[in-house]
Amino acid sequence: MNDLSKTTFTRHPTDRPVPADVRAGLLKDPGFGKVFSDHMVTIRWTKDGGWHDAQVRARAPISLDPAAAVLHYGQEIFEGLKAYNLGDGSIALFRPDQNARRFQSSAARMAMPELPEAMFLQAVDELVKIDSAWIPKGDGSLYLRPFMFATEAFLGVRPSYEYLFILIASSVGSYFKGGEKPVTVWLTDRYTRAAEGGTGAAKCGGNYASSLLAQAEAMENGCDQVVFLDAAEHRWVEELGGMNVFLVMDDGSLVTPPLSGTILPGITRDAIITLARKEGRTVREERYSIDQWRADAASGKLKEAFACGTAAVVASIGKIKSSKGDIVVADGTTGPVTAAIKAKLVGIQRGDVADEFGWVHRIR
Ligand code: PLP
Ligand code: COI
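These figures come from a predicted structure and were not determined experimentally. (Residues numbered from 1 in each chain as written. Chains lettered and ligands numbered in written order. Predicted model: local features only at pLDDT ≥ 70, side-chain atom pairs only at ≥ 80, totals over all residues. Heavy atoms only, no water.)

Novice: Quick question: what am I supposed to make of the site of ligand 2 here?
Specialist: The immediate surroundings of ligand 2 are formed by Phe 78, Gly 80, Tyr 143, Arg 145, Tyr 175, Lys 203, Tyr 208, Gly 242, Thr 310 and Ala 311. Lys 203 has a polar side-chain atom sitting 2.6 Å from an oxygen atom of ligand 2. Ala 311 has a polar backbone atom sitting 2.8 Å from an oxygen atom of ligand 2. With respect to the pocket detection grid, ligand 2 is positioned in the largest pocket. (Near = heavy atom within 4 Å. Polar contact = N/O pair within 3.5 Å; in protein donor to acceptor, adjacent residues only side chain to side chain. 1 Å grid on protein atoms, 1.4 Å probe; cavity = no way out; pocket = protein on both sides within 12 Å on 5 of 7 lines; lining within 4 Å. Sits in = over half its atoms within 2 Å of the grid points.)

In structure tokens, the structure reads:
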């Protein structure tokens, strides 16, 4: 298959789509990651054949050899992006080229083949078009989950010679159960997410697997998410389990941890930095310690904090809980700077605010 030409996707639409009335019921309050659309896209890769066998087909269980490398050594990467119904009847994606590129850099880090950007984008277009009825109206969206894993049946430890790329879609509402309420995050002082030279900047399943014990600890402590500190000094704020983090200072400036190689280079993070700087706001990508956070919250220098990502969009952080005491940032409401940043971002994503940077990719 030539990387530059359009790929031919063989289409086998399902003969058993979910009936429209059942789908409508599911879309009323979909939550996050529980409601799935009718179809999926699959593309195979082999060492000898490269990328081939692109298909759009009924979403269904897959069969895997029990020796498939992913089941033993975890060679897997994924992405997350959303399709929105815009007010004018069109459907749009937000910066899907960035997801395609990050998927390639994750692949490179995990010694996997890079899916050509055009093929990634075509797969997304194909699935969104065939399953457009699954995009909720109003605030919801269709969360697209491209992923790829090692399928070769071989127990030797080396990069697999065979992979399967799959794209599925899930109709979603708010990521957090509490909706717009500020979230409470758990500061883990026991576990770290990523170390220098590790896979922190890649979107690989293993990063999430290793975060789950801390996430479980967070949930036991009544928190929504974990905040991780750096692995070397256990001082510097890195990111949450599934989101980047921003702080809003009393002079209106923003601070966010730098892309040091141990955190995920968030596409939402990048958009927020770009939009804030365009508005004349100072944004510092610099290290910020948890002790500083505690001191700035106490002195009033820190006014707001928020988490951001595709799934969560922009979520105000109300409180950090930790074994060394809580840090309270917000009093139960989202601060004005966080609210304004969120409104602008969501406005662009949904076609209600001018798309100055060419981020919105219309597919219909
Ligand atoms: N950090 C982690 C660990 C994530 O899982 C995500 C979600 O994708 C993000 C940050 C935010 O990235 P993005 O804005 O590209 O969704
Ligand atoms: C996303 O925001 O797309 C993510 O991947 C985070 C998710 C794992 C909650």
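Novice: Help me understand the site of ligand 1, please; the structure alone is not making it clear to me.
Specialist: Around ligand 1, a shell composed of 17 residues is seen, among which Arg 102, Tyr 208, Glu 239, Thr 268 and Thr 310 lie nearest. In the model, an oxygen atom of ligand 1 is placed 2.5 Å from a nitrogen or oxygen of the Tyr 208 side chain. Calculation on ligand 1 without its partners gives an accessible area of 390 Å², and the protein chains cover 96% of this total. For ligand 1, the cavity whose grid points lie within 2 Å of the majority of its atoms is the largest pocket. Going through the elements one at a time, β12 (237–240), α7 (267–278) and β16 (302–309) are the ones with two or more residues in the shell around ligand 1. (Areas by Shrake-Rupley, 256 points an atom, 1.4 Å probe, with all protein chains shown as cover. Helix = DSSP H or I, 4+ residues; strand = E, 2+ residues; numbered from the N terminus.)

Novice: Sorry if this is basic, but what is going on with the layout of surface pockets here?
Specialist: A probe matching the size of a water molecule, rolled over the atoms, marks out where space remains unfilled. When its volume is computed, the largest pocket comes out at roughly 1300 Å³. Together, 50 residues line the largest pocket, and Phe 32, Tyr 175, Gln 225, Met 243 and Ala 311 are the ones closest to its centre. Lining the lining of the largest pocket are residues from two domains, each supplying at least three of them: domain 1 (4–172) and domain 2 (183–349). Taken as a whole, the second largest pocket holds about 650 Å³ of empty space. As for the second largest pocket, its lining consists of 37 residues, of which Asp 139, Gly 173, Ser 174, Glu 180 and Val 313 are closest to the centre. Contributing elements (two or more residues each) for the lining of the second largest pocket: α1 (20–28), β6 (81–85), β17 (313–321) and α9 (336–349). The biggest single contributor to the lining of the second largest pocket is α9, with five residues. (Points joined across faces, edges and corners; volume = space filled by probe spheres on them. Domains from an automatic or database assignment.)

Novice: Whenever I open this one, the packing of aromatic side chains confuses me. Can you help?
Specialist: Pairs of aromatic rings are described using the distance from one ring centre to the other and the angle between the two planes. For the structure on display, the rule yields 12 aromatic pairs. Between Phe 103 and Phe 120, the ring centres sit 5.6 Å apart and the planes meet at 50°, which makes this aromatic pair tilted. With a gap of 17 residues between them, Phe 103 in helix α3 (residues 96–109) and Phe 120 in helix α4 (residues 117–130) connect regions that are remote in the sequence. As far as burial versus exposure is concerned, Phe 103 and Phe 120 are alike and both buried. When the centroid spacing of 5.9 Å and the interplanar angle of 20° are considered together, the rings of Phe 147 and Phe 149 count as stacked. The exposure class assigned to Phe 149 is buried, which follows from its relative accessible area of 6%. What links up through ring pairs into an aromatic cluster is the set Phe 32, Tyr 143, Tyr 175 and Phe 176. Above the face of the Phe 36 ring, Arg 59 is positioned so that its terminal group lies 4.4 Å from the ring centre. (Phe/Tyr/Trp six-rings, centres within 6.5 Å; stacked < 30°, edge-to-face > 60°. Buried < 20%, exposed > 50% of the residue type's maximum accessible area, 1.4 Å probe, protein only. Lys NZ or Arg CZ within 6 Å of the ring centre and 35° of its normal.)

Novice: Would you mind showing me how to read unusual backbone geometry here?
Specialist: Most peptide bonds take the trans configuration, and most residues that are not glycine carry a negative phi. Unusually for a residue other than glycine, Asp 53 sits at a positive phi of about 60°. Take Asp 53: it is sitting in strand β4 (residues 50–58). Note on Asp 53: relative accessible area 36%, which makes it partly exposed. Even without a glycine there, the phi angle at Ala 111 is positive, about 55°. Take Ala 111: it is sitting in the loop between α3 and α4.

Novice: Can you help me understand the domain arrangement of the protein chain in this one?
Specialist: Many authors give the size of an interface as the accessible area that is lost as the parts come together. Structurally, the protein chain comprises domain 1 (4–172) and domain 2 (183–349). Inter-centroid distance (C-alpha atoms) of domain 1 to domain 2 is 28 Å. The interface of domain 1 with domain 2 comprises 19 residues on the first partner and 20 residues on the second. The largest per-residue losses of area from domain 1 upon contact with domain 2 belong to Phe 78, Phe 94 and Arg 102, which jointly make up 37% of the total buried on that side. With its nearest N and O atoms 2.9 Å apart, the salt bridge here joins Asp 270 to Arg 95. One can count nine residue pairs in polar contact (both at pLDDT 80 or more) joining domain 1 with domain 2. If you list the elements that add at least two residues to the side of domain 1 that touches domain 2, you get β5 (76–78), β6 and α3. Among the elements that take part in the side of domain 1 that touches domain 2, α3 stands out by supplying five residues, more than any other. (Contact = heavy atoms within 4.5 Å. Buried area = accessible area lost by both parts, 1.4 Å probe. Salt bridge = Lys/Arg side-chain N within 4 Å of Asp/Glu carboxyl O.)

Novice: Even after reading the chapter, I still don't get the environment of Gln 215, so can you show me in this structure?
Specialist: Tracing the sequence through the fold places Gln 215 in helix α6 (residues 212–220). Assessed through its relative accessible area of 16%, Gln 215 is described here as buried. Among all residues touching Gln 215, those that are not within four sequence positions of it are Asp 224, Gln 225 and Val 226.

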